[in-house]
Each structure stands twice: as structure tokens, then as C-alpha cells.
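Notes for the structure review
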Amino acid sequence: MKHSQKGEFYGETNKTICFEGLTLTDTVYTHPKVDWHYHEHAYFTFILEGNVMEGNKKEVYNCVPGSLLFHNWQDAHYNIKPDDVFTRGFHLEIEKEWFDKLSLTSDGLEGSTKISNPDIKQLMYKIFRASKIDDGDSDLSTQTLLLEILSKLKKNSVDVLHKNPKWVTMIDEILHEQFADLLTLDYLSKILNIHPMHLSRDFSKYFNCTLGEYIRKLKVEKALSLMGSKHQSFTEIAHQCGFSDQSHFNRCFKEINGINPSAHKKILFKK
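Structural notes, computed from the coordinates. (Residues numbered from 1 in each chain as written. Predicted model: local features only at pLDDT ≥ 70, side-chain atom pairs only at ≥ 80, totals over all residues. Heavy atoms only, no water.)

The next subject is the overall build of the protein. Across its full length, the protein carries ten helices and eleven strands. Oriented by its inertia axes, the alpha-carbon framework of the protein measures out at about 55 × 45 × 40 Å. Residues counted as buried form 48% of the 271 residues belonging to the protein. Counting contacts in the protein only where the partners sit at least 6 residues apart, residues at least 24 apart contribute 69% of the total. Of the roughly 13,600 Å² of accessible surface on the protein, 52% is carried by carbon and sulfur atoms. Across the protein, the mean location of the 34 positive side-chain charges is 4 Å away from that of the 36 negative side-chain charges. (Helix = DSSP H or I, 4+ residues; strand = E, 2+ residues; numbered from the N terminus. Buried < 20%, exposed > 50% of the residue type's maximum accessible area, 1.4 Å probe, protein only. Contact = heavy atoms within 4.5 Å. Areas by Shrake-Rupley, 256 points an atom, 1.4 Å probe, with all protein chains shown as cover. Lys, Arg positive; Asp, Glu negative; His and termini not counted. Charge placed at Lys NZ, Arg CZ, Asp CG, Glu CD.)

Here we come to the sheet that holds strand β10 (residues 87-94). Across the sheet, six strands lie side by side as β2-β3-β10-β5-β8-β11; this open sheet has antiparallel pairing. Two strands in the sheet have a free side with no partner beyond their single neighbour: β2 (11-18) and β11 (112-115). Direction aside, the axes of adjacent strands within the sheet are offset by 20° on average. For β2 and strand β3 (residues 22-29), the ladder comprises seven bridges, and the chain directions are antiparallel. Among the inter-strand pairings, I17 is bridged to a residue of β3, identified as L24. (Pairing = 2+ DSSP bridges. Axes fitted to C-alpha atoms, helices over the stretch in contact; angles between N-to-C directions.)

A separate point is helix α4 (residues 166-178). The first and last C-alpha atoms of α4 sit 18 Å apart over 13 residues, in line with the 18 Å expected at 1.5 Å per residue. Tucked inside the fold, the buried residues of α4 contact α5 (185-192), α6 (196-207) and α7 (211-226). (Expected span 1.5 Å × (residues − 1).)

Relative to the helices and strands, L185 is located in helix α5. A sequence separation of 22 residues divides L185 from K163, and the C-alpha atoms of the two residues are 24 Å apart. Not counting chain neighbours up to four residues away, the residues in contact with L185 comprise P196, L199, S200 and L211.

Turning to unusual backbone geometry, a few remarks are in order. Look at N193: it is not a glycine, yet its phi comes out positive at around 60°. Tracing the backbone shows N193 in the loop between α5 and α6. For N193, a relative accessible area of 71% puts it in the exposed group. Residue N208 is not a glycine yet carries a positive backbone phi of 60°. Positionally, N208 belongs in the loop between α6 and α7. N208 sits in the exposed class, given a relative accessible area of 54%.

Across all of its chains, the model carries 13 aromatic pairs by this definition. Between W98 and F99 the ring centres are 5.7 Å apart and the planes differ by 80°, which places this aromatic pair in the edge-to-face class. Neither residue differs from the other here; W98 and F99 are each classed as buried. Here F203 and F207 contribute two aromatic rings whose centre-to-centre distance is 4.3 Å and whose plane-to-plane angle is 10°, an arrangement assigned as stacked. (Phe/Tyr/Trp six-rings, centres within 6.5 Å; stacked < 30°, edge-to-face > 60°.)

In contact at an axis separation of 10 Å, α7 and helix α9 (residues 246-257) are set at 95° when each is read in the N-to-C sense. The angle between the axes of α7 and α9 places the two elements in the roughly perpendicular class. Contact residues: α7 offers R216, K217, V220, A223 and L224, while α9 offers F249, C252, F253, I256 and N257. Grouping the constituent residues of the contact of α7 with α9 by class yields seven nonpolar, one polar and two charged. (Parallel < 35°, antiparallel > 145°, perpendicular 65-115°, else oblique. Nonpolar A, V, L, I, M, F, W, Y, C, P; charged D, E, K, R; others polar.)

Remember that the coordinates give geometry; whether it matters functionally is a separate question.
Shown next, in the form of C-alpha cells:
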């Protein structure tokens, strides 16, 4: 089985940045199929453009712009990419020595995981943007953001282990599917079969934000993924994501990302 070394991905790498124990690569995938292989280090794959299918011993993931995967070290998998689709991914590799130096462990992050948490995806977008800005602070920014990501991933693992109430999983699935619709507290409480007051009071306990804030995060997350296509206008993206108008979209986007949509799109397509 093929053993990929540090910074080695299957395509044309636009840019590689190496910090102490961390390697960031921006790669255009050029291989229609990459047979079973594994990588030397644990790493994240973040799809920026196009799509690719990835399979491991347990699951198969269809990855589109905004898809985020975590692979623990030496986790075997394969990739299939449509011949006629331009596909680009951002990778963040973490050497074992980096974990050791900070007295961290990758326990609880076994195998491959597809990450749906919008907060973690927002943090990965921030790491990507930092990698495109040559200001001398990207090392510190990346390490700080990565520690926050790992903390949230560990918390997710603990939550699964201790089994959150069933309604928590149910509402997360509903919101991921229907965030662009006009949702009401009454509608959600009836589907979940819990009292509106209970839902409103306890939502932040499990999601660390209000229901309205979480829906806005999901809308902005979708907008970020749609920006992977150069052909959609911001007005079209705003409408598709359920924003009332482009002005509302711009405000929410900047509130969550710290920059406006046009600035993000400029960085996204920067080589």
C-alpha cells in the first residue's frame, strides 16, 4: 500500500507552508483515482472547489466545497475524482511531535471523520485565509486556531460518548437540511415533541449559541461553500442560503468571518 510522505498529495500543489510540526498545502487534484494509501501524519482535508469521493474501511464520503475531513495517522483510504471537474483541496498535516510538544494526544480522534460542526469549519476557513496572507503571524494564528479546532473535536467525541438527548441530534439534522427555510420555534418543537420553552432554554447548552445564531452560522457556512464556484453572484448565493437580501448576507458573513464576502472570495482564488 502506498505510503504518502509529509506534504505529498496527488495533484499539483499551488503552495506549501511548513511550520514547526505543521504542514499546509493547497493542491489541485489531477488524478481521477488514487488507490488505497495512507499518510504519514494526521491531517485535515478541506475541499475548496469541485468534488471528490473518499472511501475508507467503514464509510464513503462525497466531498463538495466546504467538506472537512479529519484523518488520523496511517488511516487507509482511497479517492475518486470526476475527470471533468476542477477540484482543489487545502490540507493541514500535524506531526506527532507537535502533539507531544504541547502535551496533547490524538486519542478519541481515530480513523476518518467527516466534520459537520459549523464552528470548526469557520475556524478552518480562518486558517486557510491566514495561509494566504504573508504578514509573519500566520504561524501563531494557525497554531491558535488549530488548538481551538482540536478542543471542539474532543468535546464532540465526549458528547457522543455521553449520549446527548435524542432531540439534540434530531434538531442538528433538521437545521442542516432546512436552514434556508423560514423555521419557527413552534414548528421545530412539534417535530421534536418538546416544549418550545425547553427547546429555547436548552439549545445553547448543547450548541454554545442561540438557535438563531446557529441557523445564521449554517447559512454562512453554505455561502462559503457556494463561493467555490466562480459563476454565482453574491445575490444568488444570498437567496440560495435563505438570507432576506444581499445586505443581510453581507452583515452576517462579516459578523461570523471578520471580513466581507468579496474579500474572502479574493483570498479563496489567490494562488
